[in-house]
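# Coordinates in review
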Amino acid sequence: MLEIISFVLGPVLTNVYLVADPQSKAAVVIDPAWDGALLASEAERRGWRISQIWLTHAHFDHIAGAGELAARVVPPPQAALHPLDLPLWRMQGGAKMFGMHIDAGPEPEIAMTHGQILHLGELEFEVRHTPGHTPGHVIFYCQEEKVVFCGDLIFQGSIGRTDLPGGDYRALMDSIHSQILTLEDETRLFSGHGVETTVAEERVENPFLT
Ligand SMILES: [Zn+2]
Ligand SMILES: [Zn+2]
């Protein structure tokens, strides 16, 4: 069983997911947007051990809590990022463009690749490279639980913006069609912003896809 605790954190209301296999108490944080200390204490309260930080992409509003999180967890969790987003990560995810300074912690050590399997206790997540919003954007798909953490690729009724540096509209649409719409209808989508949705709902109701 997969347990998902979601938070809405930071200046642009980013969804952060604390995800665990309660049996083994193994946990990861997907996109620690802000308030790393809060995430660390929530995991501690539940007796979960955060072993890794999985980043869908390196925009500042998805990584800004990683420094504080890494500082509060012993041993510090390693961060995983697709290498094509490393340049963006090194530029603090564009925080400066928005007049901010962030601490995203130690540089990600795990270089994710398309098709890579990430483990969370007994559960397996497939990394799918989904460029378009950023060059190194990825999503995390757990087939067994029919769940996808899809970052800023697709939202309920909307799609990721492609007007920021590194954005590519055609690539984004390609990614959605090949990596999301090919999944089973009942697959749940947990986006980087907004509410939970499903593949079926977006297939029918997303105005950008019809
Ligand atoms: Zn983004
Ligand atoms: Zn975002």
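My aim in this report is to walk through the structure given alongside it, one point at a time. (Residues numbered from 1 in each chain as written. Chains lettered and ligands numbered in written order. Predicted model: local features only at pLDDT ≥ 70, side-chain atom pairs only at ≥ 80, totals over all residues. Heavy atoms only, no water.)

## Considering the coordination of the zinc ion (ligand 1)
Coordination sphere of the zinc ion (ligand 1), protein contribution only: H57 (NE2), H59 (ND1), H133 (NE2) and D152 (OD), at 2.1 to 2.4 Å. Geometry at the zinc ion (ligand 1) is irregular, judged from its four donor atoms and the angles of 88 to 171 degrees they form at the metal. All donor residues of the zinc ion (ligand 1) come from one chain, and their arrangement in sequence is H-x1-H-x73-H-x18-D. Judged by relative accessible area, H59 falls into the buried class, the value being 7%. (Donors = N, O, S within 2.8 Å, 3.2 Å for Na, K, Ca; no water. Tetrahedral: all angles 85-135°; square planar, octahedral: opposite > 155°, others 65-115°. Buried < 20%, exposed > 50% of the residue type's maximum accessible area, 1.4 Å probe, protein only.)

## A closer look at the coordination of the zinc ion (ligand 2)
At the metal site, the zinc ion (ligand 2) is ligated by D61 (OD), H62 (NE2), D152 (OD) and H193 (NE2), and these contacts range over 2.1 to 2.5 Å. Its four donor atoms give the zinc ion (ligand 2) angles of 88 to 158 degrees at the centre, a pattern that matches the irregular case. Each donor residue of the zinc ion (ligand 2) belongs to the same chain, with the gaps between them written as D-H-x89-D-x40-H. Between the zinc ion (ligand 2) and the zinc ion (ligand 1), both coordinated by D152, there is a metal-metal distance of 3.4 Å. The buried category is assigned to H62, whose relative accessible area is 0%.

## Things to note about the sheet that holds strand 6 (residues 110-111)
Ordered by their spatial adjacency, six strands build an open sheet running 1-2-3-4-5-6, and the pairing between neighbours is mixed. The sheet is open, and its two borders are formed by strand 1 (3-9) and strand 6, each paired with just one other strand. Sheet topology note: the strand 3 (residues 26-30)/strand 4 (residues 49-54) ladder contains five bridges and is parallel. Bridge pairing in strand 4 places A27 opposite I50. Contacts between helix 1 (residues 36-45) and the sheet are confined to strand 1, strand 2 (14-21), strand 3 and strand 4, with strand 1 contributing the most and set at about 155 degrees to the helix. (Pairing = 2+ DSSP bridges. Helix = DSSP H or I, 4+ residues; strand = E, 2+ residues; numbered from the N terminus. Contact = heavy atoms within 4.5 Å. Axes fitted to C-alpha atoms, helices over the stretch in contact; angles between N-to-C directions.)

## Some points on helix 5 (residues 169-179)
The set of residues buried in helix 5 consists of A171, L172, M173, S175, I176 and Q179. Looking at the buried residues of helix 5, the elements they touch are strand 8 (123-129), strand 9 (138-142), strand 11 (154-155) and strand 12 (158-159).

## A short note on the nonpolar core
One recurring pattern in soluble globular proteins is that nonpolar side chains are buried together. Formed by 31 residues in total, the largest nonpolar core has its most connected members in L18, I50, L69 and W89. Among the nonpolar cores identified, the runner-up in size contains 21 residues, and V28, C142, F149 and F190 belong to it. (Core = buried A, V, L, I, M, F, W, Y, C linked by side-chain atoms within 4.5 Å.)

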